[in-house]
Number of protein chains: 2
Amino acid sequence: VLPVAVDAMGGDDAPGVVLEGVRRAVAAGIGIVLVGLPDVVARVTDLGPGGEAIAASEVIGMSDDPAAGVRRKKDSSLVRAAEAVRDGRACAMVSAGNTGAAMAASLLRMGRIRGVNRPAIATAIPRPDSLAFTTLLDCGANAEVQPEWLVQFAQMGTVFARRRLGVAEPTVGLMSIGEESSKGSGLVKETHDLLSVAPAVRFVGNVEGRDVLKATADVIVTDGFTGNVILKTLEGGVRIAVDAVLDAAGLSRATAADSLGALLHRIEPSTHGGSMLLGVDGVSIISHGSSDATAIESAIRIAVEMVDAEIVAELRAAITTE
Amino acid sequence: VLPVAVDAMGGDDAPGVVLEGVRRAVAAGIGIVLVGLPDVVARVTDLGPGGEAIAASEVIGMSDDPAAGVRRKKDSSLVRAAEAVRDGRACAMVSAGNTGAAMAASLLRMGRIRGVNRPAIATAIPRPDSLAFTTLLDCGANAEVQPEWLVQFAQMGTVFARRRLGVAEPTVGLMSIGEESSKGSGLVKETHDLLSVAPAVRFVGNVEGRDVLKATADVIVTDGFTGNVILKTLEGGVRIAVDAVLDAAGLSRATAADSLGALLHRIEPSTHGGSMLLGVDGVSIISHGSSDATAIESAIRIAVEMVDAEIVAELRAAITTE
């Protein structure tokens, strides 16, 4: 089993929380290829089975232009991490850094799965009233899309929901502004027709914003602009509303009861493992910028699980082309 | 002062809650033109100063196609309510019915303000951690838009925030998937450039989904597809998350403390007056389908306020054309 490549430099609280997450993963028996500035990677001495440190001289920052950053900073931690996967030194990569750059580095260094028009970012969103998740994609890889791409997102999202979340036969909904197939943009109407006859997709029709946290569909597909807006609207909105309710009820996050604390932890995006870039020829986990050590450790575990589940081979098999 | 036209047939709980809302408005001294099926409008005997009942023989249902419904059902309550405004029998209209049909009826019967490319639906979204609101538009009138339309939405939203919400100098943000002007769709990039030089708009740049419930911008403009998805995502997400938190904390909505109850009421969309269709030549309030009697009464009051504030004249003055 190959180790997991981890970008030590990515994230709002990097490298501190990343190194702590790595230490925990190593303690759990996972090997790590730790990529980052020399003095940073030197701070973790035990990198587990097959683990190694790779020194990189550059860092792509959160505000760097993704494409330009990857093109210019060839010795950056993100690019070197993606190369470790390409070169067979690691089985997967994890980064909490610049999302666009993590995507570009994965795409340019690992390449696309044959037949995939565009990779998409899939995010498992926790439903507050159950232990289930809704898979939303694309969460930001492609601001503009074509109907055929959305069909592939549906096929890839189905594989993700099955392998990552254990949903046996995932249903797929198409984000729109009304349940009727006659509503929505031209893109939605065309996509609706294609999804209705798409192979390997259990399409349940159009869904609306209020369905994201419900069990209406296991997978919801949309363009990367809408998906990213949904994700950030929920992150911000749920947090602000929950804080206001706790405040008005005289409760605090810190002193919350066990059951409440578990819920608050569950619906907090920074504690999750992160999103997965589907469609590239390798496992690439894109963690939330505000990830804590738990989230990093979780992302590393998920990367291993996805490799074990042979998700890339499953994705390859699920993709249909025109 | 002219009475307000109210569609007695519109809404999930119509006509019951609508008639109750009308009774309360009349008790507060507001005249009502009540439009609906004959046996329904006959159920309210006192319609206040200048009030009258208008019998309509048809109803446009929630699932009717908006344009076709307005075209075919010329004697529907929605169409007759819009005509009451056009004909000078009412100063404004209120409906909690089919949003698309309310929009189409308003547009076709009242006409557009000269120079307005497309009307837009503006919604005042309560921020849970303050008593302020964020104005979001377009919330669903136009699934697809052009950059010039979004500039007009910014100008109209500014007037709405000033007149409806009392914000002296409203700031305007453009919904995108990153704060940098280089991010987002082609539409967003073009619109960003136009807004940067638009007259009568205090543009603060791009905003993200997480900013909707924050004080980042008083007005947020976006296309009607994204706006509708945001609104419904928040409605559904906040409710589900808040319910889960209350449940985990052993609290119920019914027995919540005063401060908590006030907050829950404040952030509940069905208790609000509703959205306003900006850009038509008259005041048209589109209430939430799940409105209760309080929301209907509130919508009627807001309609009167908007007429008193001469918002249509203000909108006319604010619109610039190419």
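Here is a short report on the structure shown in this document. (Residues numbered from 1 in each chain as written. Chains lettered and ligands numbered in written order. Predicted model: local features only at pLDDT ≥ 70, side-chain atom pairs only at ≥ 80, totals over all residues. Heavy atoms only, no water.)

## Let's talk about the environment of Ala122(B)
Residue and element names in this part refer to chain B.
Piece 1. Counting through the fold element by element, Ala122 comes out in strand 5 (residues 120-126).
Piece 2. Residues Ala122 and Gly140, 18 residues apart in the sequence, show an inter-C-alpha distance of 9.0 Å.
Piece 3. If sequence neighbours within four positions are ignored, Ala122 has contacts with Thr135, Leu136, Leu137, Phe160, Ser275, Met276 and Leu278. (Helix = DSSP H or I, 4+ residues; strand = E, 2+ residues; numbered from the N terminus. Contact = heavy atoms within 4.5 Å.)

## Comments concerning the pairing of strand 8 (residues 202-207) of chain A
Residues and elements named next belong to chain A.
Piece 1. Relative to strand 8, strand 7 (residues 171-175) is paired through four bridges, and the arrangement is parallel. Directly across from Thr171, in strand 8, lies its bridge partner Arg202.
Piece 2. A crossover connection joins strand 7 to the parallel strand 8 through helix 7 (residues 186-196); in handedness this β-α-β unit is right-handed. (Pairing = 2+ DSSP bridges. Right-handed = clockwise from strand over helix to strand, strands pointing away.)

## Some points on the environment of Asp129(B)
Piece 1. Within the secondary structure layout, Asp129(B) lies in the loop between strand 5 and strand 6 (133-137).
Piece 2. When the C-alpha positions of Asp129(B) and His265(B) are compared, they lie 13 Å apart, and in sequence the two are 136 residues distant.
Piece 3. The contact partners of Asp129(B), leaving out residues within four places of it in the chain, are Ile240(A) and Leu213(B).

## Structural notes on the environment of Asn206(A)
Residues and elements named next belong to chain A.
Piece 1. The topology assignment puts Asn206 in strand 8.
Piece 2. Residue class for Asn206 comes out buried when judged on its relative accessible area of 6%.
Piece 3. When the C-alpha positions of Asn206 and Lys189 are compared, they lie 9.5 Å apart, and in sequence the two are 17 residues distant.
Piece 4. Setting aside chain neighbours within four positions, we find Asn206 in contact with Leu174, Ser176, Gly178, Glu179, Glu180, Ser181, Lys183, Val188 and His192.
Piece 5. Within the local environment of Asn206, its side chain forms a polar contact with the side chain of His192, the two groups lying 3.0 Å apart. (Buried < 20%, exposed > 50% of the residue type's maximum accessible area, 1.4 Å probe, protein only. Polar contact = N/O pair within 3.5 Å; in protein donor to acceptor, adjacent residues only side chain to side chain.)

## Notes on the side chain of Ser77(A)
All names here are of chain A.
Piece 1. Looking at where Ser77 falls in the secondary structure, it is placed in helix 4 (residues 77-86).
Piece 2. Accessibility expressed as a relative area gives 2% for Ser77, which makes it buried.
Piece 3. A distance of 2.7 Å separates a polar atom in the side chain of Ser77 from a polar atom in the side chain of Asp7.
Piece 4. With residues up to four places along the chain from it excluded, the contact list for Ser77 reads Asp7, Met9, Val35, Gly36, Ala56 and Glu58.

## Observations concerning the packing of helix 4 (residues 77-86) of chain B against helix 5 (residues 99-110) of chain B
All names here are of chain B.
Piece 1. For the pair helix 4 and helix 5, interaxial distance at closest approach is 9 Å and the crossing angle is 35°. Regarding helix 4 and helix 5, the two cross each other, and that crossing is right-handed. Between helix 4 and helix 5, the contacting residues are Leu78, Val79, Ala82, Glu83, Val85 and Arg86 on the first element and Ala101, Ala102, Ala105, Ser106, Arg109 and Met110 on the second.
Piece 2. Within the contact of helix 4 with helix 5, the residues separate by chemical class into eight nonpolar, one polar and three charged. (Axes fitted to C-alpha atoms, helices over the stretch in contact; angles between N-to-C directions. Left-handed = near helix turned anticlockwise from the far one by under 90°. Nonpolar A, V, L, I, M, F, W, Y, C, P; charged D, E, K, R; others polar.)

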